[in-house]
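Listed below, chain by chain, are the residues.
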Amino acid sequence: MTIVVITYNDAARLPRAVGSLLHQSLRNIEIIVVDDASTDGTAQVVRDLPRVRYIRRRSNSGGCGAPRNAGMNAARAPYIMFLDSDDELPRHACKSLLTEIERTGADFVTGQISRLIEETGKTTPYYPSLFRRRRVVPGIAADPAMFFDGFSTNKLYRLGFLREHGLRFREDVLYEDHIFTAALYRAAKRFAVVPWPVYLWHRAPGDDVSISLRLGAIDNVRHRVVAAEAADRILRRGGLAGLVPERQHRFVAQDLRVYLNALPRFDAVWAKDFAAVVRPYLAALEPGVLDRAEPMIRVCARLILADRIEDLRVAARSLTGGRAAPREAVTRDGRTYWGADADPDLDITAMRLAELPFSATRIRHEVTQASLTRSVLSLTIRTYDPFSVLDRHPTTAHLVVGAHRVRLSPREHPEGGYLIRARVDLTKANPGPFWWAGFHDPKLVFTRADGHSTSDRLLADPSLPPLTASTPTHRVTVRPEGDSALLRTVWERRGPFRQVVPRLLALRRAVIRRTSDRNLKLRIYKRLIRVVPRRRDLVLFEADCGRGYTGHPRYIHEEIHRRKLPLRSVWSVSANRRNFPRDVTKVRRMSWRYLWTMARAGWWVDSHGMPLGFPKPPGTRYLQTWHGQGSKPVGLNSPDLRGDFPGPREEWRANVARWDALVAPSAEFERIFLPANEYVGPLLRYGSPRCDVLVRGDATAAARARERLEIEEGARVLLYAPTYRDSAKLSGRSVRVDLDRLAAELFPEWVLVLRTHPVERYAVPERLRHFVRPAGGYPEINDLMLTADVLLTDYSSVMCDFAVTGKPIVLFTDDWEEYRRVERGFHHDLTEIAPGPCVTTTEELIRVLRDLRPPRHAARDAARDAARDAERYAERYAAFRRMWCAREKGEAAARVVDVFFAGFVRKRPA
């Protein structure tokens, strides 16, 4: 394999790039460095690098095409790859790509390119959806979305294939990659795609070397348009004219957007010149290309075509940063239009901005004047309310800077919207202690009488010069930030604090790190439990490792409190958790105070597992309630413990040995859970304490959830609660239903409440907030189950609890085979025991939901109604309830307290 490294005046970073090749797991690599006539010390640097062939061009070409061609001419291996000197290859990139191209016989293989931000070390995959599946593509027509992969550097090519088809880089145009890959896709009969990162694309702070970052030069825009036109010609001449709209879609969605994102940074002259350069190409686009674009990109393109430059500058600030709302919008006949007129070319209905709940609604704030006198920041703000939200909802207004809130008095502006004048003393706005340094973006917050708030950041004039002030401890700079020029306050330590505080903070971190050492805590804890007497009246509660006040522990705690038993409760709370009642005593999990409480408590009540490796004190009684029942493997059979590694398995066995009693909600739970955990202790067979409320009902739960989630009366509620995938935690990939399609078909009759798993991360797109209510942080899932008309899940154990209500359950099982064979697995054939329809497409789901009617009676009658409304599944639903819910009588918490805390319980009347 040959790797061609091209460089120009990049002597400092070239060794890093070559080093990433020297450390490849594939050793047989020919490294060719092509120097495009550098004027720095590149030649000397190359001489000190081992295993490198050096080619120096006589004159600089001004681009990447000529040096890449020179490297291709000199290549001697059958495969070739390209690397820029400011980037790197991951260690196994070459070996994995070579293995794949030989395995598949493809003309080339392409892999994930990841953007590496050097300031933070964070990597972001480029268009990860393109590389999600490992596959062989029989030509670009079979997967035209791959036009978005327009890089030449994340690919391994057969050199003979490139030479046979005369595939070379244009040397007279920047963005030669776009032209080269168009020709590549035209020529390739088959190419392979791999899902792992094969190229690290570095982004250095203040980088002005990369061609793609020189956006301020209009000539840069011209070159990108020339490259797009050339790529289109290649496809047309190569018999792929039908794919030109797909390539042009890439230009609009990616290339054009790069400049639109940056447009607010530049002045009106630049915007006019930019529009003049791209307008002819936009005017010549194939029919329908602009219609496919995101609404605000389409609006900007239409404004370019109409030569409405000032409007273009306003619209471009809705694309990035704060994604500002329009200044004006028109809603007519169910459609929403950008601007003051119902222009079909400016239709933004798909953004659903006019239908957002109040807390998600968008209001635009533009700073028209800003001054700083001593430490007082004075702002004049023009507020635009394009959807008349403030007119419809009486509110109070505050400017929030850090932790400081300033009450405002908005005045109606004669041309619409509001005029706001604000003054904030920055000495009071320091959002942290004196040693803190960082930034905050001021926000305007409007709050309704019911407590719901909506907030947006402030847009500043991009040309606003930085304003500076001093507080006793900080130098504060107020300036525009980012592409959208959001107003930002930056806090830097000043005077002696600038030198002393970093050292004190380093010392503080070292002390915290030393005293937070787990092994140190364990040693001291083991000594404590030998000498500290137990408090028989102290109960330590913990749910979900301290993440919430919920589950079985919550309802056992509340039963103790209801009976006024002489027990003192303390709740374990993990970091940054605020969803606990104010009247409960809390202790930070794994803090020294937590260990002290663990050592003294006479009782532990837990739903997951107290810290592994920490022995239970002599005399302490530990009630394990477990957090759910279901058909998935648990304990020693779970994916992270089923391997034959004695350490983790023995640690888990020691954890189970601490349990003095276990809540056993069903016989099926016992059949699966007990052998999987090798538990042989006492069982409390009274049902699930957390399900008592589902049996008895709670008249206030639905009202509470609807009010907090802003669900209008009359809307039917679909609770979507998918479980995570072990191989893709924190990825958001558990949300597998097409929410856009669901919204288009079911809104406004339905609202979807999305309850993702605690180990999942999924940000609901703004275009879906009219239909989807994110509820991952809602404190109590029982409220959501009591509110829901239907549960939609996949393999989550929540279905066992929800079945108590008797309301319909639908399962989305599109990856059932993969889940049961590759992921966690299942003890039952879910498709045989499911209490409701198992669907595999969003279309099937929509049909099922339209056929369902929600129960009209209380929870005690819900099973009967669900059986009538879903007659096909009534028998299976009943069998499912017998399997998992037979012990649910609504008195589990009381019975558990009676038995486990028997010494503190007065005899209840019969």
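Check the entry above for the structure.
Only a predicted model underlies this, so the values are computations on that prediction, with no experimental measurement involved.

K.L.:
Where do I start with the overall build of the protein chain in this structure?
P.N.:
Looking only at helices and strands, the protein chain has 29 helices and 36 strands in total. Since a compact globule built from 910 residues should have a radius of gyration of about 29 Å, the 32 Å found for the protein chain is in line with a globular shape. Based on the C-alpha atoms only, the size of the protein chain along its principal axes is roughly 95 × 70 × 70 Å. By sequence separation, contacts in the protein chain at least 24 residues apart represent 68% of the contacts at least 6 residues apart. Per element, the accessible surface of the protein chain, about 40,100 Å² overall, is 49% carbon and sulfur. Each charge sign in the protein chain was given a centre, from 146 positive and 109 negative side chains, and these centres are 7 Å apart.

K.L.:
Looking at this structure, I do not really get the state of the cysteines. What am I missing?
P.N.:
Each disulfide is one covalent bond, formed between the sulfur atoms of two cysteines. Tallying each qualifying case throughout the model produces zero disulfides. Free cysteine Cys545: the closest other cysteine sulfur is in Cys691, separated by 20 Å. A residue is classified by how much of its surface remains accessible, and Cys545, at 25% relative accessible area, is partly exposed. Cys885 takes part in no disulfide bond, and the closest cysteine sulfur to it belongs to Cys800, at a distance of 6.7 Å. Residue Cys885 is classed as buried on the basis of its relative accessible area, which comes to 8%.

K.L.:
Is there a simple way to think about the pairing of strand E19 (residues 443–448) in this case?
P.N.:
Moving residue by residue along a regular strand, the side chains alternate between the two faces of the sheet. With respect to burial, E19 is a largely interior element, five of its six residues being buried. Across six bridges, the pairing between strand E14 (residues 395–401) and E19 is antiparallel. Looking at E19, one finds that His398 is bridged to Val445. The pairing of E19 with strand E20 (residues 453–457) spans five bridges and is classified as antiparallel. Each residue of the ladder has a partner; that of Lys443, found in E20, is Arg457. Between E19 and the antiparallel strand that follows it, E20, lie four residues; Gly451 among them carries a positive phi value of about 95°.

K.L.:
Teacher, can you tell me more about the environment of Arg518 here?
P.N.:
Relative to the helices and strands, Arg518 resides in helix H14 (residues 518–531). Arg518 gets classed as partly exposed once you look at its relative accessible area, which sits at 39%. A C-alpha to C-alpha distance of 8.7 Å links Arg518 and Met590, two positions 72 residues apart in sequence. With sequence-adjacent residues up to four places away left out, Arg518 is seen in contact with Pro611, Leu612 and Phe614.

K.L.:
Looking at this model, I keep getting lost on the sheet that holds strand E36 (residues 838–839). Mind explaining?
P.N.:
For sheets, the rule is that strands pair by backbone hydrogen bonds, running either parallel or antiparallel. Across the sheet, six strands lie side by side as E33-E32-E31-E34-E35-E36; this open sheet has parallel pairing. Edge strands, defined here as strands with exactly one partner in the open sheet, are strand E33 (772–774) and E36. One ladder, built from four bridges, connects strand E31 (residues 716–721) with strand E34 (residues 790–793); its direction is parallel. The partner of Leu718 across the bridge, within E34, is Val790.

K.L.:
I tried to follow the packing of aromatic side chains on my own but got confused; where do I start?
P.N.:
Any aromatic ring pair is given by two values, namely how distant the centres are and how the planes are angled relative to each other. Applying the stated rule across the entire model yields 39 aromatic pairs. On the numbers, 4.7 Å between centres and 15° between planes, the contact of Phe669 with Phe673 is stacked. Here Phe669 pairs with Phe673, and both are found in helix H18 (residues 667–677), just four residues apart, close to one helical turn. An identical accessibility class is assigned to Phe669 and Phe673; each is buried. Both rings, one in Tyr795 and one in Tyr819, keep their centres 4.2 Å apart while their planes meet at 25°; by these two values the pair is stacked. Of this pair, Tyr795 sits in the loop between E34 and helix H23 (798–802) while Tyr819 sits in helix H24 (residues 816–821), placing them 24 residues apart in sequence.

K.L.:
Looking at this structure, how should I read unusual backbone geometry?
P.N.:
Generally, phi is negative for residues other than glycine and the peptide bonds are trans, each holding for most cases. Cis geometry marks the peptide bond from Phe747 to Pro748, where omega comes out at 10°. Position of Pro748 relative to the elements: it lies in the loop between helix H21 (739–746) and strand E32 (750–754). We note that Arg352 has phi near 60°; this positive angle belongs to a residue other than glycine. Judged by its relative accessible area of 23%, Arg352 falls in the partly exposed class. Backbone geometry places Ser388, a non-glycine residue, at a positive phi of 55°. Examined against the element boundaries, Ser388 turns out to sit in the loop between strand E13 (376–384) and helix H12 (389–392).

K.L.:
In this structure, what is going on with H18? I would like to understand it.
P.N.:
In an α-helix there are 3.6 residues to a turn, and that puts residues three or four apart on one side. In terms of residue burial, H18 counts as a mostly covered element, since eight of its eleven residues are buried. Within H18, the full set of buried residues consists of Glu668, Phe669, Glu670, Ile672, Phe673, Leu674, Ala676 and Asn677. Phi for Glu678, located one or two positions after H18, is positive at around 55°.

K.L.:
Just checking my understanding: could you explain the nonpolar core for this structure?
P.N.:
Nonpolar side chains in soluble globular proteins generally cluster together in the buried interior. Leu256, Leu260 and Phe274 are the most contacted members of the largest nonpolar core, which has 93 residues in total. Among residues more than four places away in sequence, those in contact with Phe274 are Ile218, Val221, Leu256, Tyr259, Leu260, Leu263 and Ile304. Core analysis: the second largest hydrophobic core is formed by 42 residues, Leu694, Ala775, Tyr795 and Phe880 among them.

Conventions used here
Residues numbered from 1 in each chain as written. Predicted model: local features only at pLDDT ≥ 70, side-chain atom pairs only at ≥ 80, totals over all residues. Heavy atoms only, no water. Helix = DSSP H or I, 4+ residues; strand = E, 2+ residues; numbered from the N terminus. Rg over C-alpha atoms; globule rule 2.2 N^0.38 Å. Contact = heavy atoms within 4.5 Å. Areas by Shrake-Rupley, 256 points an atom, 1.4 Å probe, with all protein chains shown as cover. Lys, Arg positive; Asp, Glu negative; His and termini not counted. Charge placed at Lys NZ, Arg CZ, Asp CG, Glu CD. Disulfide = S-S within 2.5 Å. Buried < 20%, exposed > 50% of the residue type's maximum accessible area, 1.4 Å probe, protein only. Pairing = 2+ DSSP bridges. Phe/Tyr/Trp six-rings, centres within 6.5 Å; stacked < 30°, edge-to-face > 60°. Core = buried A, V, L, I, M, F, W, Y, C linked by side-chain atoms within 4.5 Å.

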